Protein chains: 2
Amino acid sequence: MILGAIEAGGTKFVCAIGNERGEVLERVSFPTTTPEETMKKVVDFFNGKEIISMGVGSFGPIDPNKHSPTYGYITTTPKPYWGNYNILGELKKHFKVPMEFDTDVNGAALGELKWGAAKGLSSALYITVGTGIGAGAVVEGEMINGLLHPEMGHIYVRRHPEDTYEGSCPYHGDCLEGLAAGPAIEARWGIKGDMLPVDHEAWDMEAYYLAQALVNYILILSPEKIIMGGGVMKQQQLFPKIRDYVQEILKSYIAKEELASKIDEYILYPELGDNAGICGALALALTALNN
Amino acid sequence: MILGAIEAGGTKFVCAIGNERGEVLERVSFPTTTPEETMKKVVDFFNGKEIISMGVGSFGPIDPNKHSPTYGYITTTPKPYWGNYNILGELKKHFKVPMEFDTDVNGAALGELKWGAAKGLSSALYITVGTGIGAGAVVEGEMINGLLHPEMGHIYVRRHPEDTYEGSCPYHGDCLEGLAAGPAIEARWGIKGDMLPVDHEAWDMEAYYLAQALVNYILILSPEKIIMGGGVMKQQQLFPKIRDYVQEILKSYIAKEELASKIDEYILYPELGDNAGICGALALALTALNN
Ligand SMILES: Nc1ncnc2c1ncn2[C@@H]1O[C@H](COP(=O)(O)OP(=O)(O)O)[C@@H](O)[C@H]1O
Ligand SMILES: Nc1ncnc2c1ncn2[C@@H]1O[C@H](COP(=O)(O)OP(=O)(O)O)[C@@H](O)[C@H]1O
Ligand SMILES: [Zn+2]
Ligand SMILES: [Zn+2]
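As the structure is a computational prediction, the values presented were derived from the model and not from experiment. (Residues numbered from 1 in each chain as written. Chains lettered and ligands numbered in written order. Predicted model: local features only at pLDDT ≥ 70, side-chain atom pairs only at ≥ 80, totals over all residues. Heavy atoms only, no water.)

The subject of this paragraph is the packing of aromatic side chains. Counted under the stated rule, the structure contains 22 aromatic pairs over all chains. Centroid distance F45 of chain A to F46 of chain A: 4.9 Å. Interplanar angle 80°. Geometry classified as edge-to-face. Like F46 of chain A, F45 of chain A is buried. For the pair Y71 of chain B and F101 of chain B, a centre-to-centre distance of 6.2 Å together with 85° between the ring planes defines the contact as edge-to-face. Residue Y71 of chain B is located in the loop between β4 (53–58) and α2 (87–94), and its partner F101 of chain B is located in strand β5 (residues 99–103); the two are separated by 30 residues in the primary sequence. Of the two residues, Y71 of chain B and F101 of chain B, neither departs from the other in class, the shared state being buried. Each residue in the set F13, F30, F59, W82 and Y85 of chain A is aromatic and connected to the rest through ring pairs, giving one cluster. (Phe/Tyr/Trp six-rings, centres within 6.5 Å; stacked < 30°, edge-to-face > 60°. Buried < 20%, exposed > 50% of the residue type's maximum accessible area, 1.4 Å probe, protein only. Helix = DSSP H or I, 4+ residues; strand = E, 2+ residues; numbered from the N terminus.)

Following this line, the structure appears as structure tokens:
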């Protein structure tokens, strides 16, 4: 069973073929330029590969609503050339196979649920902390989408009392992404996150913000597992700090061992590691087959 | 088709029979005392009524996980006598019909989706602002449950700069419920909400807090409709204020007309009015039949 997977990122595209066990058999990646140029490379990669379905996990905002006339579009992105681009329509011109289209992070949540850190559970939340902050969630096997898709990175959290940085979100200033994504860390401390020492105070502040967001996600969505990926989460010292803050903020309100003695297994780095995105697209390809 | 419905509240129980069109045919209500006394009245009401299924929307926290050994229990409630009480088990002793058990607010969200303000949509969020604040959500016809069930009333929001009230949540102090539920209004202004003039500054502050919560729910869950019920929402002047603050806080980030020109139809009072709870339980009874 050969499945096609596309991780459509704002910086780079990854294309792969894989199987129903989440194994990537062949992959290629290239920078995201214009849709014409980029999509040509995508089509060239899959041509002749005999895929039986295709999953696309995309940067957004996208239209994931199957009943909408713009289903399958990348919509109001500020990224040049890609606004209102019908990515799924372009793929359908070339490949006559079932396709599933969702956000990259909803895909990653599904991938971790099928093959990674949340295997065997029925719900999971995946958050990436990188150039931006995005999160996706699967509940009872269904990706969370509705009016649009979640934009969990832009929630507001309470400011750290010692933080004077104004925030970098062009829409909201000091929303979560504006305070805690990679570029905010760099702007606040004047140095890129990967150059900051592991015992720098930046990480305590970062954990404080991310923990507040996780508490909101827990109270609103109640996921059975939270998986945190993206460049910033390579700082493994963040994990124990985040878990401590989550407990401190929730104050034992939710009487579940996952949030008490077992919190080390509740908030985790992706088991699929840097493959979380492309395996997510593979999981979407599997979903396409079942619909 | 005669369906049984129980709205199990911490203050009172409502029992009803109804049909698949959401019509309540007969109802009764009584105060919540001990489980023995209260459940006897419940059983007496339904005896001989020939119901073909039963829906229970309950106060919480509850265990809504069908795979759990304590499925159907009211769990860690501080309410005397009801902690770790197997309410569904008790009902099953007396009635051999399919049953569905969920939180009162998940039920209400389902009821509004089937017969009320969200009819025809595939997702909706229901929030009640009363003695406490609770919310439930349905996405693609599925109630949101996972590790536990949502406890959306306890998220943190940013404090209003002029608010000096410390908050009334016994767990968190100034979480949303601690700042914006009925008892917080009374404690802050020294007078019950229903006695405050409609142009009192209390309502602007209340709208500010509730709007922040809705923004978080929108960004995390992306519901197609938000329905706001409970005693406090009887203050209809809150609705335009809440809608304005939601737009102000989101800053057009989500390019959807539901959040722009059509926001008056997006954030609404329950169409089922004071029947939202019992119709929710009726909707759960219908779900029980389909499972
Ligand atoms: N090891 C690291 N430690 C801290 N920050 C990092 C690390 N690696 C990358 N970052 C930051 O994360 C951001 C890039 O995120 P990444 O997830 O790699 O890509 P993207 O979000 O663009 O897909 C940059 O702001 C970068 O400074
Ligand atoms: N018309 C009203 N205006 C403002 N507040 C009200 C109104 N009616 C009830 N409340 C407040 O709402 C709370 C009761 O909420 P309600 O939804 O009626 O019951 P419960 O939450 O206990 O089921 C009380 O704190 C009460 O002061
Ligand atoms: Zn933002
Ligand atoms: Zn609280």
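For the rest of this paragraph, the subject is the coordination of the zinc ion (ligand 4). All names here are of chain B. For the zinc ion (ligand 4), the full set of protein donor atoms is H154 (ND1), C169 (SG), H172 (ND1) and C175 (SG), and the range of their distances to it is 2.1 to 2.4 Å. Around the zinc ion (ligand 4) sit four donor atoms, and with donor-metal-donor angles ranging over 102 to 119° the site reads as tetrahedral. Each donor residue of the zinc ion (ligand 4) belongs to the same chain, with the gaps between them written as H-x14-C-x2-H-x2-C. On the criterion of sequence distance, the pair formed by H154 in the loop between β8 (142–143) and α4 (176–180) and C169 in the loop between β8 and α4 is long-range, its members being 15 residues apart. C169 carries the same exposure label as H154, and that label is buried. (Donors = N, O, S within 2.8 Å, 3.2 Å for Na, K, Ca; no water. Tetrahedral: all angles 85-135°; square planar, octahedral: opposite > 155°, others 65-115°.)

Now for the site of ligand 2. All names here are of chain B. Around ligand 2, the neighbouring residues are G130, T131, G182, P183, G193, D194, G230, G231, V232, K234 and Q235. The contact in question runs from an oxygen atom of ligand 2 to an N or O atom on the backbone of G231, over 2.8 Å. Taking Q235, its side chain carries an N or O atom lying 2.7 Å from a nitrogen atom of ligand 2. Relative to its unbound accessible area of 570 Å², ligand 2 is 64% covered by the protein chains. Of the residues belonging to the shell around ligand 2, the class tally is two nonpolar, seven polar and two charged. (Near = heavy atom within 4 Å. Polar contact = N/O pair within 3.5 Å; in protein donor to acceptor, adjacent residues only side chain to side chain. Areas by Shrake-Rupley, 256 points an atom, 1.4 Å probe, with all protein chains shown as cover. Nonpolar A, V, L, I, M, F, W, Y, C, P; charged D, E, K, R; others polar.)

This part covers the domain arrangement of chain A. Residues and elements named next belong to chain A. Domains assigned within chain A are domain 1 (3–102) and domain 2 (117–269). Look at where the C-alpha atoms of domain 1 and domain 2 centre, and you get two points 27 Å apart. Taken together, the contact between domain 1 and domain 2 spans five residues of the former and five residues of the latter. Between domain 1 and domain 2, the buried area comes to about 460 Å², and carbon and sulfur atoms account for 54% of it. It is P61, P64 and D102 that lose the most area in domain 1 upon contact with domain 2, and together they represent 64% of the buried surface on that side. The interface formed by domain 1 and domain 2 contains zero salt bridges. Its residues assigned to classes, the side of domain 1 that touches domain 2 comprises three nonpolar, no polar and two charged. (Domains from an automatic or database assignment. Contact = heavy atoms within 4.5 Å. Buried area = accessible area lost by both parts, 1.4 Å probe. Salt bridge = Lys/Arg side-chain N within 4 Å of Asp/Glu carboxyl O.)

Turning to the pattern of salt bridges, a few remarks are in order. Opposite charge on two side chains makes pairing possible when the charged atoms of those side chains draw close. All names here are of chain A. Inspection of every chain in the model, using the stated rule, returns 28 salt bridges over all chains. Linking E20 and R21 is a salt bridge whose minimum nitrogen-to-oxygen distance equals 3.6 Å. Exposure remark for R21: the relative accessible area of 51% places this residue in the exposed category.

All right, on to the environment of E248 of chain A then. Relative to the elements of secondary structure, E248 of chain A occurs in helix α7 (residues 238–250). Distance from E248 of chain A to A211 of chain A, taken between C-alpha atoms, is 9.4 Å for residues 37 residues apart in sequence.

Glancing now at the relation of the copies chain A and chain B. Copies of the same chain, two in number, are related to each other by a rotation about an axis and a translation along it. Superposition record for chain A on chain B: RMSD 0.0 Å, screw rotation 180°, translation along axis 0.0 Å. Classification of the inter-copy transformation places it as that of a two-fold axis. For chain A, the residue whose C-alpha comes nearest the rotation axis is R158 of chain A, separated from it by 2.9 Å. With an isologous cut-off of 70% or more, the 100% of interface residues of chain A that recur at the interface of chain B puts this contact in the isologous class. (Least-squares fit on C-alpha atoms with pLDDT ≥ 70 in both.)

Further remarks concern the packing of helix α6 (residues 202–221) of chain A against α7 of chain A. Residues and elements named next belong to chain A. Where α6 contacts α7, the two axes come as close as 8 Å, and the packing angle between them is 50°. Overall, the two elements α6 and α7 adopt an arrangement that is oblique. The two elements α6 and α7 cross, and the hand of that crossing is right-handed. Facing W203, D204, E206, A207, Y208, L210, A211, Q212, L214, V215, I218 and L219 of α6, the residues of α7 in contact are L238, K241, I242, Y245, V246, I249 and L250. Classifying every residue of the contact of α6 with α7 by side-chain character gives 15 nonpolar, one polar and three charged. (Axes fitted to C-alpha atoms, helices over the stretch in contact; angles between N-to-C directions. Parallel < 35°, antiparallel > 145°, perpendicular 65-115°, else oblique. Left-handed = near helix turned anticlockwise from the far one by under 90°.)

Moving on: the sheet that holds strand β10 (residues 267–268) of chain B. All names here are of chain B. The strand order across the open sheet built from five strands is β8-β7-β6-β9-β10, with neighbouring strands paired in mixed fashion. Bordering the open sheet on either side are β8 and β10, each of which pairs with just one other strand. Relative to β10, strand β9 (residues 226–229) runs parallel, the two being bridged by two bridges. Paired with I226 across the bridge in β10 is I267. (Pairing = 2+ DSSP bridges.)

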